[in-house]
Amino acid sequence: MKISNTDSNEKKVTVFGLGLMGSGIARAFIANGYSVTVWNRDVTKAASLLSRGAVLAKDPNEAIVASPLLVICVSDYKVTHKIFSSADVTLLKDRTIIQLSSGTPKEARSFDGWIQKLGGSALNGDILAWPAQIGSSEATITISGANQYLKSRQQR
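Residues numbered from 1 in each chain as written. Predicted model: local features only at pLDDT ≥ 70, side-chain atom pairs only at ≥ 80, totals over all residues. Heavy atoms only, no water.

**Student:** Before we go on, may I ask you to explain helix α5 (residues 105-117) in this structure?
**Tutor:** Taking 1.5 Å of rise per residue, 13 residues should cover 18 Å, and α5 covers 18 Å from first to last C-alpha, within 8% of that figure. Listed in full, the buried residues belonging to α5 are A108, F111 and I115. Axial view of α5: buried residues confined to an arc of 65°, hence all on one face. Structural note: α5 exposes P105, K106, R109 and K117 on the side pointing more than 90 degrees away from its buried face. Note on α5: the residue one or two positions beyond its end, G119, has a positive phi of about 90°. (Helix = DSSP H or I, 4+ residues; strand = E, 2+ residues; numbered from the N terminus. Expected span 1.5 Å × (residues − 1). Buried < 20%, exposed > 50% of the residue type's maximum accessible area, 1.4 Å probe, protein only. Arc of directions from axis to C-beta.)

**Student:** When you look at the packing of aromatic side chains in this model, what are you seeing that I'm missing?
**Tutor:** Here a ring pair, both rings aromatic, is described through the centre-centre distance and the interplanar angle of the planes. Under the definition given, this model contains six aromatic pairs. Their ring planes at 70° and their centres at 5.8 Å tell us that F16 and F84 sit as a pair that is edge-to-face. Of this pair, F16 sits in strand β1 (residues 12-16) while F84 sits in helix α4 (residues 77-85); the two residues are 68 residues apart in sequence, bridging distant segments of the chain. What makes F84 buried here is its relative accessible area of 2%. The interplanar angle of 40° and the centroid separation of 6.1 Å between the aromatic rings of F84 and W114 together place this pair among those described as tilted. Remark: W114 occurs in helix α5 and F84 occurs in helix α4; sequence separation between them is 30 residues. What makes W114 partly exposed here is its relative accessible area of 27%. Ring pairing ties together the aromatic residues F16, W39, Y77, F84, F111 and W114, which thus form one cluster. (Phe/Tyr/Trp six-rings, centres within 6.5 Å; stacked < 30°, edge-to-face > 60°.)

**Student:** Teacher, can you tell me more about helix α1 (residues 20-31) here?
**Tutor:** Side chains that are three or four residues apart share a direction in an α-helix, a result of its 3.6 residues per turn. The terminal C-alpha atoms of α1 lie 16 Å apart, and with 12 residues this matches the ideal 16 Å at 1.5 Å per residue to within 8%. Burial of α1 is extensive: nine of the 12 residues sit out of reach of the surface. The complete set of buried residues in α1 reads M21, G22, S23, G24, I25, A26, A28, F29 and I30. Each element contacted by the buried residues of α1 is listed here: β1, β2 (35-39), α2 (47-50), β4 (69-72) and β6 (121-128). Just past α1, the residue G33 takes up positive phi, approximately 85°. (Contact = heavy atoms within 4.5 Å.)

**Student:** Can you help me understand the side chain of N124 in this one?
**Tutor:** Its place among the elements puts N124 in strand β6. Of note is the side chain of N124, whose polar atom sits 2.7 Å from the side chain of Y77. Not counting residues up to four positions away in its chain, the partners in contact with N124 are Y77, Q99, A108, T142, I143 and S144. (Polar contact = N/O pair within 3.5 Å; in protein donor to acceptor, adjacent residues only side chain to side chain.)

Written out as structure tokens, the structure reads:
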């Protein structure tokens, strides 16, 4: 499935987390014509993406506001919660969050419930690839979640 944005923010995405995998995902979005905003605790990890056209958000709030689609690729749900604890979470309203971080089904359900209470939608993903394979036919990312959220982001 290809994910797209269906509003005036067509082809905009924010990627949180710029480790090997997150950087690979951001590069793949850029290569596919997306306007990409990135955020990472260590801003030096954004340098190679900025030279490719990504925009660096100065904080999580700016990263959230930049795009209707947020891709989270950090180590786990605890780190995700830590990032959002420094943000104005009311900004997550009407955002779709794709969580690619490691976690348990219980953490995924809890995160989904929390995002729904804030007026956003959460999808959970699994990456079946090495970082170097991201953006190629060798990589698969599965996305799961409530049908209405999947259908609202699926390209027609």
